[in-house]
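Here are the chains, one letter per residue:
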Amino acid sequence: MAGQSDPDLSFFSAAEVEFLAEDEMVDIVPNMRMEKLEMISGDFGPFLPQIATKVPLWLAVALKKRGKCMIRLPEWMSVERLTTVLEAERESPREFQPLPFHYVEISRLLFDHARDDISDIYMVRNLVEDIRDVRFHKVQTGLETISGRTLAVKLKNLSAMEVNIVRPFVMRALQAFYKHDSPEMIPQPDANGSKRQQIADRGPRRDLRPR
C-alpha cells in the first residue's frame, strides 16, 4: 500500500482506508441457512434465517449483493444519534465527538450497498456529511494555530480519514518549525575551543623581544 511502500508518504489513499474499514463488525439478518464460515480472520456463523449475527463489513456487503441478508444500521447512524452528534460538534469548536474510527468509510459502504436497509437514507446521508464537514473545518482551524512554539499536536477522537489528512501536514510542519525556529537545538561550536584552534593554526610562537 502507498502509505507503507513509499517512505516519503505517510498517508493512505481513500480506497486503502476504506479497505481497512471493511474489517469492522456489523449486524446482519440472514434470510438463508448456512453452516459456519471458517476464514483466516476468524469463524463467522452459522447463519439461520431471521437470526441476527455479527460479521465483518466486507462479508456483510458480499452477502447483501447476493440477496442473502439485510444489514442492520449501526446505532450511531440513527437520525437521533447523528443529530445529537452534529449539535455537539457545532457547540464545541475545539472538541471532537466520539464516533467510530471508520465512520466515514462505514457510512459510505452502507450508502452504496445497503440503501434499502436504511430508512430516511437522505436525512442520514446529509447528517453524516454535515458532521464530516464540521469536523474537517475544526481540523483546518486547529492546524492554522500551529506555530514555531508548537512541540506537539493533540487531536482526540479523530477518525481514520481525518488522521490520514492531518498527519502528513502536521509532521512536515513540526519538522520545519523544529529545523528553522529552534537554533538553540542545533549544536554550536565551542568558543573557547575555536580560539584554541585558531592559536594552534598560527604556527609556533617566536619571542620577538629584542635581545
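Please refer to the structure placed before this passage.
Residues numbered from 1 in each chain as written. Predicted model: local features only at pLDDT ≥ 70, side-chain atom pairs only at ≥ 80, totals over all residues. Heavy atoms only, no water.

Undergrad: Break down the nonpolar core for me, with residues and values.
TA: Counting residues in hydrophobic clusters, the biggest one holds 34 residues, and the most contacted among them are Ile28, Phe47, Ile71, Leu110 and Val124. Broken down by secondary-structure element, the contributors of at least two residues to this core are β1 (25-30), α3 (57-65), β5 (69-71), α4 (79-91), α5 (103-113) and α6 (121-143). Once residues lying within four places of it in the same chain are set aside, the contact partners of Val124 are Met77, Val79, Leu82, Phe111, Ile118 and Ser119. (Core = buried A, V, L, I, M, F, W, Y, C linked by side-chain atoms within 4.5 Å. Buried < 20%, exposed > 50% of the residue type's maximum accessible area, 1.4 Å probe, protein only. Helix = DSSP H or I, 4+ residues; strand = E, 2+ residues; numbered from the N terminus. Contact = heavy atoms within 4.5 Å.)

Undergrad: Break down α5 for me, citing the residues and quoting the values.
TA: Residues that lie three or four places apart on an α-helix share one face, since the helix turns once every 3.6 residues. Summarising burial for α5: eight of the eleven residues are buried, a large majority. Taken together, the buried positions of α5 are Tyr103, Val104, Glu105, Ile106, Ser107, Leu109, Leu110 and Phe111.

Undergrad: I'd like a rundown of the sheet that holds β1, residues and numbers included.
TA: Consider a sheet: its strands pair through backbone hydrogen bonds, and that pairing is either parallel or antiparallel. Within the open sheet, the three strands sit side by side as β4-β1-β5. Their pairing is antiparallel. Looking at strand neighbours, the two that pair on one side only are β4 (53-56) and β5, the edges of this open sheet. Across the sheet, the mean angle from the axis of one strand to that of its neighbour is 45°, orientation sign disregarded. In terms of strand pairing, β1 meets β4 through four bridges, oriented antiparallel. (Pairing = 2+ DSSP bridges. Axes fitted to C-alpha atoms, helices over the stretch in contact; angles between N-to-C directions.)

Undergrad: Residue-level account of the packing of helix α2 (residues 14-21) against α5, with values.
TA: Interaxial distance between α2 and α5 falls to 9 Å at its minimum, and their mutual angle equals 85°. Overall, the two elements α2 and α5 adopt an arrangement that is roughly perpendicular. Here Val17, Glu18 and Ala21 of α2 lie close against α5, whose contacting residues are Glu105, Arg108 and Leu109. In the contact of α2 with α5, the residues fall into three nonpolar, no polar and three charged. (Parallel < 35°, antiparallel > 145°, perpendicular 65-115°, else oblique. Nonpolar A, V, L, I, M, F, W, Y, C, P; charged D, E, K, R; others polar.)

Undergrad: Could you give an account of the pairing of β1, naming the residues involved and the relevant values?
TA: Across three bridges, β1 lies against β5 in antiparallel orientation. For Ile28, the partnering residue across the bridge sits in β5 and is Ile71.

Undergrad: Can you explain the environment of Pro98? Please cite residues and give values.
TA: Note that Pro98 resides in the loop between α4 and α5. Residue classification places Pro98 among the partly exposed positions, given a relative accessible area of 48%. For the pair Pro98 and Asn157, spaced 59 residues apart in sequence, the C-alpha to C-alpha distance is 5.4 Å. When neighbours within four sequence positions are excluded, Pro98 is seen to be in contact with Arg81 and Asn157.

Undergrad: Explain the pattern of salt bridges to me, and be specific about the residues and the numbers.
TA: Under the definition given, this model contains eight salt bridges. The closest approach of N and O atoms between Glu18 and Arg108, which form a salt bridge, is 3.7 Å. Of this pair, Glu18 sits in helix α2 while Arg108 sits in helix α5, and the two are 90 residues apart along the sequence. For Arg108, a relative accessible area of 30% translates into the label partly exposed. Lys138 serves as the salt-bridge partner of Glu89, at 2.6 Å between the closest nitrogen and oxygen. (Salt bridge = Lys/Arg side-chain N within 4 Å of Asp/Glu carboxyl O.)

Undergrad: Residues and numbers for the packing of aromatic side chains, please.
TA: For the coordinates displayed, the defined rule picks out zero aromatic pairs. Positioned above the aromatic ring of Phe111 is the side chain of Arg125, whose terminal nitrogen or guanidinium carbon lies 4.8 Å from the ring centre. Over the ring of Phe96 we find Lys138; its NZ or CZ atom is 5.0 Å from the centre of that ring. (Phe/Tyr/Trp six-rings, centres within 6.5 Å; stacked < 30°, edge-to-face > 60°. Lys NZ or Arg CZ within 6 Å of the ring centre and 35° of its normal.)

Undergrad: Describe unusual backbone geometry, and please don't skip the residues or the numbers.
TA: That bond from Gly45 to Pro46 is cis: its omega, 5°, falls within 30 degrees of zero. Positioned with a positive phi, Gln50 is a non-glycine residue whose angle comes to about 65°. Along the polypeptide, Gln50 turns up in the loop between β3 (42-44) and β4.

These figures capture arrangement, not role.
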